[in-house]
Protein chains: 2
Amino acid sequence: VERRFIGIGLLGVGGIGGGVAAVLAEKAAALAEHVGCPLELRCALVRDRARSRPGVPDDRLTTDPEAVLADPAVDIVVEVLGGEEPARTYIERALAAGKHVVTANKEVIAKFGPGLLARARERQVGLLFEASVGGGIPLIAPFRRELAANDLLTIEAIINGTTNYILTEMDRTGASFGDALAQAQALGYAEPDPTNDVEGIDAAYKLAILATLGFHSPVHPDQVYREGITRLSERDFRYAGELGYAIKLLAIAKQDAEAIEARVHPALVAQDLPIAKVDGVFNAVQVDGDLVGRLLFFGRGAGPRPTTSAILADVLDLASAVRRGQAVNHVLRLDRPKPVRSMAEVQTRFYLRLSVADRPGVFAQIAQVFAEHQISIASVIQKESDESAQTAEIVIMTHRAREASVQAALGALAGLPAVVEVGNFVRVESQ
Amino acid sequence: VERRFIGIGLLGVGGIGGGVAAVLAEKAAALAEHVGCPLELRCALVRDRARSRPGVPDDRLTTDPEAVLADPAVDIVVEVLGGEEPARTYIERALAAGKHVVTANKEVIAKFGPGLLARARERQVGLLFEASVGGGIPLIAPFRRELAANDLLTIEAIINGTTNYILTEMDRTGASFGDALAQAQALGYAEPDPTNDVEGIDAAYKLAILATLGFHSPVHPDQVYREGITRLSERDFRYAGELGYAIKLLAIAKQDAEAIEARVHPALVAQDLPIAKVDGVFNAVQVDGDLVGRLLFFGRGAGPRPTTSAILADVLDLASAVRRGQAVNHVLRLDRPKPVRSMAEVQTRFYLRLSVADRPGVFAQIAQVFAEHQISIASVIQKESDESAQTAEIVIMTHRAREASVQAALGALAGLPAVVEVGNFVRVESQ
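All figures in this text were calculated on a predicted structure; none of them were measured in a lab.

Calculation notes
Residues numbered from 1 in each chain as written. Chains lettered and ligands numbered in written order. Predicted model: local features only at pLDDT ≥ 70, side-chain atom pairs only at ≥ 80, totals over all residues. Heavy atoms only, no water. Helix = DSSP H or I, 4+ residues; strand = E, 2+ residues; numbered from the N terminus. Rg over C-alpha atoms; globule rule 2.2 N^0.38 Å. Buried < 20%, exposed > 50% of the residue type's maximum accessible area, 1.4 Å probe, protein only. Contact = heavy atoms within 4.5 Å. Areas by Shrake-Rupley, 256 points an atom, 1.4 Å probe, with all protein chains shown as cover. Lys, Arg positive; Asp, Glu negative; His and termini not counted. Charge placed at Lys NZ, Arg CZ, Asp CG, Glu CD. Pairing = 2+ DSSP bridges. Axes fitted to C-alpha atoms, helices over the stretch in contact; angles between N-to-C directions. Least-squares fit on C-alpha atoms with pLDDT ≥ 70 in both. Buried area = accessible area lost by both parts, 1.4 Å probe. Salt bridge = Lys/Arg side-chain N within 4 Å of Asp/Glu carboxyl O. Polar contact = N/O pair within 3.5 Å; in protein donor to acceptor, adjacent residues only side chain to side chain. Nonpolar A, V, L, I, M, F, W, Y, C, P; charged D, E, K, R; others polar. Right-handed = clockwise from strand over helix to strand, strands pointing away. Parallel < 35°, antiparallel > 145°, perpendicular 65-115°, else oblique. Left-handed = near helix turned anticlockwise from the far one by under 90°.

A.B. asks: Lay out the overall build of chain A with the relevant residues and their values.
C.D. replies: Of regular secondary structure, chain A possesses 14 helices and 17 strands. Radius of gyration (C-alpha) of chain A: 24 Å, near the 22 Å computed for a compact globule of 431 residues. Counting all 431 residues of chain A, 59% fall into the buried class. Taking as baseline every contact in chain A between residues at least 6 positions apart, the subset at least 24 positions apart corresponds to 72%. Split by element, the accessible area of chain A, about 16,100 Å² in all, is 48% carbon and sulfur. Taking the 45 positively charged and 54 negatively charged side chains of chain A as two groups, their mean positions are separated by 5 Å.

A.B. asks: I'd like to hear about the sheet that holds strand 1 (residues 6–11) of chain B, residue by residue, with values.
C.D. replies: Residue and element names in this part refer to chain B. Across the sheet, which stays open at both edges, the six strands sit in the order 3-2-1-4-5-6 with parallel pairing between neighbours. Edge positions in the sheet fall to strand 3 (61–62) and strand 6 (127–128), since each has one partner strand and no second. Two elements, strand 1 and strand 4 (residues 76–79), share four bridges in a ladder whose sense is parallel. If you follow G9 over to strand 4, its bridge partner there is V77. The strands that helix 1 (residues 15–26) touches are strand 1 and strand 2 (39–45); relative to strand 1, the one it contacts most, it runs at about 155 degrees.

A.B. asks: Now, about the sheet that holds strand 1 (residues 6–11) of chain A: what can you tell me, with residues and values included?
C.D. replies: Residues and elements named next belong to chain A. On the basis of which strands lie adjacent, the open sheet formed by six strands has the order 3-2-1-4-5-6 and parallel pairing. Looking at strand neighbours, the two that pair on one side only are strand 3 (61–62) and strand 6 (127–128), the edges of this open sheet. The pairing of strand 4 (residues 76–79) with strand 5 (residues 100–103) spans four bridges and is classified as parallel. Residue pairing for strand 5: I76 is matched across the bridge by H100.

A.B. asks: Any details on the relation of the copies chain A and chain B? Residues and values, ideally.
C.D. replies: Expressed as a screw transformation, the operator carrying chain A onto chain B has a rotation angle of 180 degrees and an axial translation of 0.0 Å, and the superposed copies differ by an RMSD of 0.0 Å. Such a combination of turn and shift is consistent with a two-fold rotation axis. Within chain A, F297 of chain A has its C-alpha nearest the rotation axis, a separation of 2.5 Å. In this assembly the copies share their binding face: 100% of the residues contributing to the interface of chain A also contribute to that of chain B.

A.B. asks: Could you give an account of the interface of chain A and chain B, naming the residues involved and the relevant values?
C.D. replies: A common way to state how big an interface is: give the accessible area lost once the parts meet. The interface of chain A with chain B comprises 48 residues on the first partner and 48 residues on the second. Between chain A and chain B the total buried area reaches about 4,100 Å² when both faces are included, carbon and sulfur atoms providing 55% of it. Contact with chain B buries area across many residues of chain A, yet R145, E146 and L291 of chain A alone supply 16% of it, more than any other trio. Taking the shortest distance from any N to any O, the salt bridge between D317 of chain A and R145 of chain B comes out at 2.5 Å. At the junction of chain A and chain B, the tally comes to 18 residue pairs in polar contact (both at pLDDT 80 or more). The set of elements that each furnish at least two residues to the side of chain A that touches chain B consists of helix 2 (28–35), helix 6 (140–146), strand 12 (293–300) and helix 12 (304–324) of chain A. When the residues that make up the side of chain A that touches chain B are grouped by side-chain class, the tally is 23 nonpolar, seven polar and 18 charged. Bridging between strand 12 of chain A and strand 12 (residues 293–300) of chain B involves three bridges; their strand directions are antiparallel.

A.B. asks: Before we move on, could you go through the pairing of strand 5 of chain A and cite the residues and values that matter?
C.D. replies: Looking along a regular strand, one sees the side chains alternate between the two faces of the sheet. All names here are of chain A. Of the two faces of strand 5, the one holding H100 and V102 and the one holding V101 and T103 are both buried throughout. Between the parallel elements strand 4 and strand 5, the chain passes through helix 4 (residues 87–96) in a crossover that is right-handed. Relative to strand 6, strand 5 runs parallel, the two being bridged by two bridges. Across the sheet, V101 pairs through a bridge with L127, a residue of strand 6. A crossover connection joins strand 5 to the parallel strand 6 through helix 5 (residues 106–122); in handedness this β-α-β unit is right-handed.

A.B. asks: Provide a residue-level description of the packing of helix 1 of chain B against helix 12 (residues 304–324) of chain B, including the pertinent values.
C.D. replies: Packed helix pairs are specified by the crossing angle of their axes together with the interaxial distance, meaning the distance between the axes. Residue and element names in this part refer to chain B. Interaxial distance between helix 1 and helix 12 falls to 9 Å at its minimum, and their mutual angle equals 65 degrees. Between helix 1 and helix 12, the crossing angle belongs to the class labelled roughly perpendicular. Between helix 1 and helix 12 lies a crossing of right-handed hand. Packed against helix 1, whose contacting residues are G15, I16, G19, V20, V23, L24 and E26, the element helix 12 presents P304, R305, T307, T308, I311 and L312 at the interface. Each residue belonging to the contact of helix 1 with helix 12 can be placed in one class, and the counts come to seven nonpolar, four polar and two charged.

Dropping the structure here:
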């Protein structure tokens with residue numbers, strides 16, 4: 001049968017959902033041309049029906065999720081509520097009702113993606129989530145399709161625009177973390193409660209999704225080691241800059257023959273690497289594949305219009321299949337399951353800032369601690385002395401060492417009478 | 001019916017074809033897992049059957065194209081001969097025989113893509129060409145799918161690794177064009193006959209493909225204005241560097257409400273722009289979309305393994321559809337046809353290097369020529385004087401001006417008695 005339209009049901013009409021509704025209206029003709037028949041926004045779930053939404057006729061607003069999920073005229077459900085519940089339940093019910101689903105929900109996909117995708121496959125519907133990582137940057141589809149012949153070795157990404165904005169400001173202006181955060185909040189780049197961003201939770205969800213797709217092995221966000229940016233100080237940026245490094249919140253996933261490594265933490269990155277130059281709210285994902293070599297994808301990782309670009313790409317894909325009566329049969333390959341390596345076993349170089357008593361023999365004691373923990377020092381630089389307090393600040397760069405050894409050494413250093421304070425410890429990524 | 005295998009026919013077993021054959025053998029298990037049944041290399045067209053090819057059993061080699069095109073066990077023909085003929089004819093015959101085709105052939109796709117894609121659609125087979133632009137960088141699929149909801153405004157790309165290598169070497173070492181070319185040839189980055197690369201022909205093919213896909217309007221390579229890199233001198237790099245610019249061979253396509261602009265030429269690019277930092281054999285494609293904003297795709301644009309990555313992505317896509325018995329129905333949207341603007345109407349800023357008589361009044365004469373042609377000068381810098389010849393070299397940067405006016409002004413300048421030589425003229429791209 002010829003389709004008169006493809007019906008869209010929208011779950012959530014906030015910033016992103018409002019953007020989707022607006023663009024569906026604004027670009028109705030071009031989208032219809034692409035699909036071969038119009039896309040029609042049948043209904044949109046909101047909390048408050050009284051408020052009108054640009055792009056959505058008032059009679060299409062509903063506060064009842066069943067009105068969207070049970071409407072037989074809805075072919076594709078677009079979920080942009082965010083957060084785990086009720087989004088996850090709605091997605092499950094939509095799939096169970098035989099509807100295609102497009103979601104921007106990184107939390108639900110990171111935590112429940114494999115199960116939901118299996119459910120979608122059983123029901124022969126699509127569950128697409130291009131918008132869940134990197135906003136409008138094409139990532140999910142390239143990971144699933146264009147890179148399919150590769151064994152991916154490394155994923156190294158800046159995938160949280162809020163923290164990248166804060167770190168760029170700290171670097172550029174010498175602002176403290178608190179001041180840069182306040183500025184990001186004033187500009188709307190950071191939420192009133194910034195925990196999800198500044199503690200790396202958001203980045204860990206996204207990394208879990210990319211690693212799962214890229215390595216064909218389930219990586220749950222709980223398996224991603226996570227450290228936020230709150231402990232970074234102006235001095236770390238100054239010293240890193242002097243040493244030729246930028247500081248970025250990196251999401252890193254690697255695999256070797258035995259295991260997968262997945263971690264989100266601040267890292268020193270050599271200033272001449274492309275990823276070190278990704279500033280402000282921009283995102284970048286760098287991938288190394290055995291065939292393709294190094295690729296970098298760069299763009300705006302958030303915002304209503306970039307996110308709508310990704311959501312509508314998925315919608316157009318599914319709508320075209322619906323119109324042609326084609327089966328949708330996306331396979332999530334999880335045929336290379338591997339354990340995720342514990343952080344204690346991960347090896348990195350690192351930067352360490354220490355405040356020490358400014359007297360003879362202190363270097364020797366510190367060097368002794370490193371030697372006892374099998375950590376090789378690459379350089380030690382005395383940065384600043386506070387004569388009144390008779391203390392000096394020293395910065396140590398090491399060669400690669402096991403995280404467990406490093407943590408033990410940090411403990412031992414903190415126990416030395418000559419060490420006034422372990423100022424900060426930041427891993428160094430060198431590729 | 002359950003498929004025992006998906007049959008592949010290979011047209012060409014040179015650098016790229018050899019890479020495809022090798023990876024088909026090397027990754028047979030993983031590729032079979034992806035598709036759900038093995039990919040089998042049924043036959044490979046070569047010129048010389050006597051030479052053996054790693055990854056291809058000798059009894060699968062043939063010198064008869066019909067052996068590939070008429071073999072009913074071949075589902076997917078992979079064309080990696082390059083050049084217009086006989087590649088184009090073979091692709092047409094493969095499509096006519098109801099076979100899917102994967103090609104890396106930018107020349108054939110740029111010149112005949114719309115017709116061939118229409119043919120493929122009639123026969124309900126796929127014609128995929130991810131490898132035709134940017135080697136292993138995902139571009140064609142993102143342009144067709146992930147960016148589908150966008151109106152693209154600008155495409156700005158470094159899509160020829162040979163010329164980017166040469167320009168990077170000229171910039172870095174102060175080498176002449178000839179020396180840098182010889183070095184590129186010695187390293188295998190440039191062909192013995194480098195015309196296709198250094199004259200921008202290869203880049204024009206690729207730009208025509210991207211512009212056609214991105215703007216939904218047919219852009220033929222003959223409509224791409226084209227200027228190579230052979231006239232650039234060491235001095236242009238030095239002066240550009242002093243002014244804060246890099247020199248790149250850019251492929252640029254833009255559209256506005258009336259027309260499309262498509263051109264390949266050397267350009268000054270501000271050093272702090274990401275595209276100015278793309279060095280050596282790397283490629284980068286920057287896209288501005290109305291929803292997504294600015295995106296950048298970066299990676300290796302050539303070489304057997306990156307190209308194989310793209311070819312196999314297409315093969316896997318088609319093979320999965322064949323195995324599932326799914327129809328392949330790729331649509332090339334050409335529903336926004338627009339004229340391509342003549343180069344005379346294009347506006348850019350430009351850099352001009354002139355050798356002039358070193359005497360009073362010369363600046364005034366030059367400024368008069370610019371004024372007569374409605375070109376506004378942004379800055380004039382006297383660079384070097386040759387006292388013995390009583391000449392000086394001056395560099396002029398202008399504001400935006402129509403190409404026709406610029407060319408007329410260049411003619412008038414060349415006719416001034418005080419102008420010894422119009423050294424070089426390079427457009428400036430500012431985004």
